[in-house]
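These are the residues of each chain, in order.
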Amino acid sequence: VPNVTSIAYDGQLLTANWGAVHEPGVLAYNVTAAGINVTVTGTSLTLPIGSASGTVQVKALGASSTGGLGSSLTIIGSAPEITSVSYASGTITVAWSASASGTFELALFDGGGFVQSTTTGTTATGGTLTATMQAGRNYTVRARATSANVTGPWSGEVAVIVGSPTISAPAY
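Residues numbered from 1 in each chain as written. Predicted model: local features only at pLDDT ≥ 70, side-chain atom pairs only at ≥ 80, totals over all residues. Heavy atoms only, no water.

Visitor: When you look at the pattern of salt bridges in this model, what are you seeing that I'm missing?
Guide: Inspection of every chain in the model, using the stated rule, returns two salt bridges. Salt-bridge contacts for Glu105 lead to Arg144; the nearest nitrogen and oxygen are separated by 2.9 Å. In this pair, Glu105 is assigned in strand β11 (residues 103-110) and Arg144 in strand β14 (residues 139-147), connecting sequence segments 39 residues apart. For the pair Glu105 and Arg144, one class covers both residues: buried. (Salt bridge = Lys/Arg side-chain N within 4 Å of Asp/Glu carboxyl O. Helix = DSSP H or I, 4+ residues; strand = E, 2+ residues; numbered from the N terminus. Buried < 20%, exposed > 50% of the residue type's maximum accessible area, 1.4 Å probe, protein only.)

Okay, here's the thing in structure tokens:
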């Protein structure tokens, strides 16, 4: 049976991978993903879907026979919403509300380019990331829920304010 090995949903596209069935007569695979059935000849699929919930499961197809369903993975269909971001002494602290459970990945970007990420463990309300950053750069953070071999969509980017205001003597 073809077992699903990984799935990722980015908010628009669902990508799934599964193990091949190495038996004579296997011609294709029937994939059930978020309630949609698709037949493909390879061991991966990228499918445009607007809203994802449910599971991904695969079965092998022959000319006149059908194999059993392999193990499934559950789609993470929603992104966490970042509610606050702060930076002090080399640590970015991010809080979010989440509609998914599991672990979360917190990532730092500089002008759109990836800088680094960390996994927060099973905390469903926030996390920290240690980073050396320079004032005047355009840093942002994003978060997403993850589970064993499953990734959900990224949250929207939220700016990290690195610099702090300088207070000078008031003029009278």
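Visitor: What should I look at first to understand the sheet that holds strand β10 (residues 91-97) in this one?
Guide: The strands that make up a sheet are held in pairs by hydrogen bonds between backbone atoms, and each pair lies either parallel or antiparallel. The strand order across the open sheet built from three strands is β9-β10-β13, with neighbouring strands paired in antiparallel fashion. One side of each edge strand has no neighbouring strand; the edge strands of this open sheet are β9 (81-88) and β13 (126-130). On average, adjacent strands in this sheet sit at an angle of 20 degrees to one another, irrespective of strand direction. Where β9 lies against β10, seven bridges are found, and the strand directions are antiparallel. The residue of β10 that forms the bridge with Ser84 is Ala95. (Pairing = 2+ DSSP bridges. Axes fitted to C-alpha atoms, helices over the stretch in contact; angles between N-to-C directions.)

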